[in-house]
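Structural overview
What follows is the residue order along each chain.
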Amino acid sequence: MDRQDAMAAARSAASNAYAPYSNFHVGAAILTEGGRLYTGCNVENASYGLAICAERNAAAAMALSNPDDRNIRLVAVHSPNAAPCFPCGACRQVLREFGCKEVVVEDEDGLRSYPFDEILPNSFGPESL
Ligand code: ZN
């Protein structure tokens, strides 16, 4: 399981996005330190503010599935609407909660990888309490 596998899963998840209002489809795949892969897509709502991003849905799937494997090695994010497609601020904070170490996005040149500290510097996390 590597970055390419995670991005392939993110692409597949994006095809299931429920985005009838924005038409902005996103898929995310979380690869845990334990080697498991969890995916999510964005899910919108007629009450717009209730929309949930792909990354947070993937994190929820991870949390539900295995309490002993909640450390995130990387997250891959794909959208057919934007390349690269980075996690929004809210999702960065949720990914931070589970120790995400790397964010993988893609553009016309292929995969691009960023250390998590670069996309959310000086972040607030569980050890800050
Ligand atoms: Zn988000």
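You'll find the structure just up there.
What you are looking at is a predicted structure, and each value in this text was computed from that prediction instead of being measured. (Residues numbered from 1 in each chain as written. Predicted model: local features only at pLDDT ≥ 70, side-chain atom pairs only at ≥ 80, totals over all residues. Heavy atoms only, no water.)

**Remarks on the overall build of the protein chain**
Stated precisely, the cut-off is as follows: Numbering of helices and strands starts at the N terminus; helices are DSSP runs of H or I of at least 4 residues and strands are runs of E of at least 2. Every radius of gyration here is taken over C-alpha atoms, with the globule rule written as 2.2 Å times N^0.38, N being the number of residues. For every residue, the accessible area (1.4 Å probe, protein chains only) is compared with the maximum for its type, and the residue is labelled buried under 20%, exposed over 50%, or partly exposed between those bounds. Residues are treated as being in contact if the distance between any of their heavy atoms lies within 4.5 Å. Only the protein chains shown count as cover for residues, and all accessible areas are computed by the Shrake-Rupley method using a 1.4 Å probe. In this tally, Lys and Arg are treated as positive and Asp and Glu as negative; His is ignored, and so are the chain termini. Charge positions come from single atoms, namely NZ of Lys, CZ of Arg, CG of Asp or CD of Glu.
A tally of regular secondary structure across the protein chain gives four helices and five strands. Counted from the first residue to the last, the protein chain has its helices and strands arranged as α-β-β-α-β-α-β-β-α. For the protein chain, whose C-alpha radius of gyration is 14 Å, the value lies close to the compact-globule estimate of 14 Å for 129 residues. With respect to the principal axes defined by its C-alpha atoms, the protein chain has extents near 40 × 35 × 30 Å. When the 129 residues of the protein chain are sorted by exposure, 41% land in the buried category. A fraction of 61% describes how many contacts in the protein chain between residues 6 or more apart in sequence connect residues 24 or more apart. Counting only carbon and sulfur atoms, one obtains 51% of the accessible surface of the protein chain, whose full area is about 6700 Å². Each charge class in the protein chain can be summarised by its mean position, and for the 10 positive and 16 negative side chains these summaries are 4 Å apart.

**Notes on the coordination of the zinc ion**
The condition is simple: With water omitted from the atoms examined, metal sites may look incomplete; donors here are N, O and S atoms no farther than 2.8 Å from the metal, or 3.2 Å in the case of Na, K and Ca.
Around the zinc ion, the donor atoms from the protein are Cys53 (SG), Cys88 (SG) and Cys91 (SG), and they sit 2.2 to 2.3 Å away. Every donor residue of the zinc ion comes from the same chain, spaced as C-x34-C-x2-C. Assessed through its relative accessible area of 1%, Cys91 is described here as buried.

**Concerning the side chain of Glu102**
You can see Glu102 is positioned in strand 4 (residues 102–107). When sequence neighbours within four positions are dropped, the list of residues in contact with Glu102 reads Arg3, Arg73, Leu74, Val75, Ser113, Tyr114 and Phe116.

**Considerations on unusual backbone geometry**
Leave glycine aside and you will find that most residues have negative phi; peptide bonds, for their part, are mostly trans. A cis geometry characterises the amide bond from Ala83 onward to Pro84, with omega recorded as 5°. One non-glycine residue, Asn23, lies in the positive phi region at around 60°.

**Here we look at the pairing of strand 3 (residues 72–78)**
What counts here: Strands pair, by our definition, only if DSSP identifies at least two bridges between them. When the strands point away from the viewer and the connection leading from the first strand across the helix to the second strand turns clockwise, the crossover is called right-handed.
Taking burial as the measure, the seven residues of strand 3 include six buried ones, the bulk of the element. Of the pairings in the sheet, the one linking strand 1 (residues 27–32) to strand 3 comprises six bridges and is antiparallel in character. Within strand 3, the position partnered with Ala28 by the bridge is Val77. When strand 3 meets strand 4, the two strands line up parallel, connected through two bridges. Across the sheet, Ala76 pairs through a bridge with Val104, a residue of strand 4. Running through helix 3 (residues 89–97), the crossover from strand 3 to the neighbouring parallel element strand 4 is right-handed.

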